[in-house]
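Understanding the architecture of this molecule
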Amino acid sequence: MTKIRTRFAPSPTGRMHVGNLRSALYEFLIAKHAGGDFMLRIEDTDQERFVEGAVDIIYDTLAKAGITHDEGPDKDGGYGPYVQSERMKTGIYMKYARELIEKGEAYYCFCDKERLSTLKTEVVEGKEIMIYDKHCLHLGKEEVEKNLAEGKPFVIRQNIPMEGTTTFHDELYGDITVENAELDDMILIKSDGYPTYNFANVVDDHTMNITHVVRGNEYLSSSPKYQRLYDAFGWKSPVYIHLPLITDENHKKLSKRSGHSSFEDLLEQGFLPEAVVNYIALLGWSPEDNREIFSLDELIKEFDYHRINKSPSVFDYMKLKWMNGEYIKAMDDEAFYTMAEPYLKSVIKKDLDLHKIAAMVKTRIEVFPDICDLIDFFETLPEYDPEMYTHKKMKTNKETSLAVLQELCPVFEQQEDYSNDALYQLLTTFAAEHEYKNGYVLWPVRTAVSGKQMTPAGATEIMEILGKEESINRIRKGIELLQNAAAK
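The paragraphs below set out a description of the structure included in this document. Counting restarts for each chain, with residues numbered from 1 along the sequence as it is written. In keeping with the model being predicted, local features are shown solely for residues with a pLDDT of at least 70 and side-chain atom pairs are shown and tallied solely at 80 or more, while totals for entire chains, interfaces and linings include all residues. As a rule here, side-chain values come from all non-hydrogen atoms in the structure, and water together with hydrogens is ignored.

1. Here's the deal with the side chain of Glu-43
Under the DSSP-based scheme used, a helix requires at least four consecutive residues in state H or I and a strand at least two consecutive residues in state E, with every element numbered from the N terminus. Structurally, Glu-43 is set in the loop between β2 (37-40) and α2 (54-65). In what follows, residue pairs with any heavy atoms lying within 4.5 Å of each other are defined as contacts. When residues no more than four places from it in sequence are discounted, the contact partners of Glu-43 are Ala-9, Pro-10, Ser-11, Pro-12, Gln-84, Tyr-197 and Asn-201.

Below, the structure is given as structure tokens:
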């Protein structure tokens, strides 16, 4: 049985779109599930779109996502070079293009821009595509050789017959047949000598023994041209797996404008790499059961590409946030603190116990920036509405809250032990002695010391962090606020 070999072949054009990351992940999972090899190949033949530093982004993204390649520019497995511009220098693409010319499957084209501008165009998927009329296919051998000898600029085009059909097989979509008349004579070698993405892809996949090709289904329309190249060379084509489109919540293609289309965007927004990878794995693939949380090792074990869905997948940002929250809850406390610390320190400048505050918020956030709004009251008591003291369930209102705080203030002044346990004991004893429910006492105290409707912890935990002096200052401010409200 042939060893499965997959490849991720990104172009270094900037941040990595989640669709590209999903392709990399699925290619990795297919290879690893079958005990095969996963290769990284850099496709930098489109020099106009090349972005400085983008190769580093590719390496960084794969490393953070845990997608480890067995071969690549930094790990020679005997199939290098692994960068297309370096492969081009070996002459590999021109060699295979000339082989096609000899077979009549390709031809030199010397048409200049002026002539090409006069040709018919068609609109395909919103783009205007020029249809080449095979003019240079009919040039005599002598004229071709004369043009080459004179150094006349040329491209090499694929020669697709006008009659008949081409069929290729996709694992999800089955056999797909197209009329050859619908296919244009695509350029294989550009005028600068670089191969096109489509041609280099085929040559590299074959010469690198790639068995499975995973890519977005926007490439379905190009696949017949790839198939014709494989057939022209007499090569066996790889197993094709075309993935469903990833859309936003409005069922439009997930674009950069969404603000969360790239892996880096999501990390900057406070998502954990493991959660993003887990979520992206489920954008188009589903396990046999309804399970949703998977480690990378578990995904490798469970991943069966036959369970990939053909329907578009909606990138549900809220679902990702929920999943990220589950990952945060499961984090080791020290690892969580390390990631939370910059957010804590961006808000809290006072000398407070940040480890205790981190423990309070750990189970209450979905992304790390959520921390800031949850803890800002520790730094400064916000302005708040006295109506917050009214709580139906706790059976409190402004009048009862004022009475409780006034009675408790001297008790807090006498109290020396400001640990959570001691303060909780003090308040529950106070409630029992007055035959109050605990909430009747705790609600006004929590409101006074936080000035917030929602807090990451209870009254006594907050007071332990704030300490005696600040806690009493805030209780007094609460009394003053309620007295002023009563006087109106």
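2. Remarks on the layout of surface pockets
For cavity detection a 1 Å grid was placed over the protein atoms alone, and a set of points counts as a cavity when a 1.4 Å probe fits there but cannot get out; an open set counts as a pocket when protein lies on both sides within 12 Å along at least five of seven lines, with lining residues being those that have an atom within 4 Å of a point. Grid points are joined across faces, edges and corners, and a volume is the space filled by probe spheres set on the points. By volume, the second largest pocket is sized at about 350 Å³. Residue lining of the second largest pocket: 14 residues in total, with Thr-2, Ile-210, Thr-211, Lys-236 and Pro-238 positioned closest to the centre. Gly falls in the polar group here, along with every residue not listed as nonpolar (Ala, Val, Leu, Ile, Met, Phe, Trp, Tyr, Cys, Pro) or charged (Asp, Glu, Lys, Arg). Class assignment for the residues of the lining of the second largest pocket results in six nonpolar, six polar and two charged.

3. Digging into the pattern of salt bridges
By salt bridge we mean one thing: a side-chain nitrogen of Lys or Arg within 4 Å of a carboxyl oxygen of Asp or Glu. All chains considered together, the criterion is met by 28 salt bridges. Salt-bridge contacts for Lys-3 lead to Asp-37; the nearest nitrogen and oxygen are separated by 3.3 Å. Placement of the pair is Lys-3 in the segment before β1 (5-8) and Asp-37 in strand β2, with a sequence separation of 34 residues. Here Glu-268 and Arg-15 are joined by a salt bridge, their closest N and O atoms 2.4 Å apart. Placement of the pair is Glu-268 in helix α9 (residues 263-268) and Arg-15 in the loop between β1 and α1 (18-33), with a sequence separation of 253 residues. For Glu-268, a relative accessible area of 52% corresponds to the exposed category. Exposure classes here rest on a 1.4 Å probe applied to the protein chains alone. A residue is buried below 20% of its type maximum, exposed above 50%, and partly exposed in between.

4. A short note on a negative patch on the surface
Each patch is built from salt-bridge-free residues with over 30% relative accessible area, joining like charges within 9 Å and nonpolar side chains (Val, Leu, Ile, Met, Phe, Trp, Tyr) within 5 Å. Here the open area of atoms and residues is found with the Shrake-Rupley method and a 1.4 Å probe, where only the protein chains shown may cover a residue. When charges are counted, Lys and Arg are positive and Asp and Glu negative, with His and the chain ends excluded. Note that the charge is assigned to NZ on lysines, CZ on arginines, CG on aspartates and CD on glutamates. Taken together, the side chains of Glu-288, Asp-289, Glu-302 and Asp-304 define an acidic patch exposed on the protein surface. In this structure Asp-289 comes out as partly exposed when scored by relative accessible area, which is 43%.

5. Looking at the side chain of Thr-211
Counting through the fold element by element, Thr-211 comes out in the loop between α7 (197-207) and β10 (212-216). A relative accessible area of 15% means that Thr-211 is categorised as buried. At 2.8 Å, the side chain of Thr-211 forms a polar contact with the side chain of His-212. Here Thr-211 is in contact with Thr-2, Lys-3, Ile-4, Arg-5, Pro-238 and Val-239, once residues within four sequence places are set aside. What qualifies as a polar contact is a pair of N or O atoms within 3.5 Å, subject to a donor-acceptor requirement within protein and to the restriction that residues adjacent in sequence count only when both atoms come from side chains.

6. Comments concerning the packing of helix α10 (residues 273-281) against helix α12 (residues 317-329)
Helix-helix packing is characterised by the crossing angle of the two axes and by the distance between the axes. Put simply, α10 and α12 touch, their axes get as near as 9 Å, and they point 135° apart. Classed by the angle they form, the pair α10 and α12 counts as oblique. Like other packed secondary-structure pairs, α10 and α12 cross with a definite hand, here right-handed. Along the contact surface, α10 presents Glu-274, Ala-275, Val-276, Asn-278 and Tyr-279, while α12 presents Lys-319, Leu-320, Met-323, Asn-324 and Tyr-327. Of the residues belonging to the contact of α10 with α12, the class tally is six nonpolar, two polar and two charged. Here, axes are lines fitted to C-alpha atoms. For helices the fit covers the stretch in contact, and angles between N-to-C directions go from 0 to 180 degrees. Oblique is the label for any angle not under 35 degrees, not over 145, and not in the 65 to 115 range, which are roughly parallel, roughly antiparallel and roughly perpendicular in turn. Put simply, a crossing is left-handed when the front helix is turned counterclockwise from the back one by less than a right angle, and right-handed when it is turned clockwise.

7. With respect to helix α19 (residues 459-466)
The element α19 is extensively covered by neighbouring structure, given that six of its eight residues are classed as buried. On its buried side, α19 packs onto α14 (354-361), α15 (370-379), α16 (398-414), α17 (420-433), α18 (438-450) and α20 (468-487). Gly-467 lies just past α19 and shows a positive phi near 85°.

8. Re the nonpolar core
Counting 103 residues, the largest nonpolar core has Phe-315, Phe-336, Ile-375, Phe-378 and Phe-412 as its most contacted members. If one sorts the elements of this core by residue count, α1 sits on top with nine residues. The contacts of Ile-375, once residues within four sequence positions are left out, are Leu-344, Val-347, Ile-348, Ile-357 and Val-361. In this text, buried Ala, Val, Leu, Ile, Met, Phe, Trp, Tyr and Cys residues form a nonpolar core when linked through side-chain atoms within 4.5 Å. Within the second largest apolar cluster, 40 residues are counted, among which are Ala-106, Tyr-107, Leu-229 and Tyr-230.

9. A short note on the sheet that holds strand β9 (residues 187-189)
If DSSP finds at least two bridges between two strands, the strands pair. As summarised here, the arrangement of the three strands in space is β3-β6-β9, forming an open sheet in which the pairing is antiparallel. On the outer flanks of this sheet lie β3 (106-109) and β9, each paired with one strand and no other. On average, each strand axis in the sheet is inclined to that of its neighbour by 40°, with strand direction left out of account. By the bridge criterion, two bridges tie strand β6 (residues 155-158) to β9 in an arrangement that is antiparallel. Residue pairing across strands places Arg-157 opposite Ile-187, the latter belonging to β9.

10. Focus on the pairing of β10
Among the five residues that make up β10, five are buried, leaving the element largely enclosed by the rest of the structure. Note that β10 and strand β11 (residues 239-243) share five bridges and pair parallel. By the bridge assignment, Arg-215 is partnered in β11 with His-242.

11. Some points on the packing of aromatic side chains
Two rings belonging to Phe, Tyr or Trp (six-membered ring only in the last case) form a pair when the distance between their centres is within 6.5 Å. Interplanar angles under 30 degrees mark stacking, angles over 60 mark edge-to-face geometry, and anything in between is tilted. Inspection of every chain in the model, using the stated rule, returns 22 aromatic pairs. Summarising the aromatic geometry, the rings of Phe-110 and Phe-154 are spaced 6.3 Å apart at their centres and angled 65° between planes, so their arrangement reads as edge-to-face. On the criterion of sequence distance, the pair formed by Phe-110 in the loop between β3 and α5 (113-116) and Phe-154 in the loop between α6 (141-149) and β6 is long-range, its members being 44 residues apart. Taken together, the aromatic side chains of Tyr-26, Trp-285, Phe-294 and Phe-303 make up a single cluster linked through ring pairs. Only when the NZ atom of a Lys or the CZ atom of an Arg is both within 6 Å of the ring centre and within 35 degrees of the ring normal do we say a charge sits over the ring. Here Arg-5 stacks its cationic end above the ring of Tyr-79, 4.1 Å away from the centre of that ring.

12. Side note on the pairing of β1
Residues Arg-5 and Arg-7 line one face of β1 and the alternating positions Thr-6 and Phe-8 line the opposite face, and both faces are buried. Pairing analysis gives four bridges linking β1 to β2, with the strands arranged parallel. Along β2, the bridge assignment pairs Thr-6 with Phe-38. Of the crossover connections in this fold, the one passing from β1 over α1 to the parallel β2 is right-handed. Seen with its strands pointing away from the viewer, a crossover is right-handed when the path leading from the first strand over the helix to the second is clockwise.

13. Quick look at empty space enclosed by the protein
Scanning the entire structure with this criterion turns up one cavity of 30 Å³ or more. Volume-wise, the largest cavity comes out at about 30 Å³. Looking at the largest cavity, the residues that line it are Asn-201, Val-202, Asp-205, Val-213, Arg-215, Tyr-226, Tyr-230, Pro-238 and Tyr-240. Listing elements by their share of the lining of the largest cavity, those giving two or more residues are α7, β10 and α8 (223-233). Looking at the lining of the largest cavity element by element, the count peaks at three residues for α7. Looking at side-chain class alone, the lining of the largest cavity contains six nonpolar, one polar and two charged residues.

What is shown is where atoms sit, not what they do.
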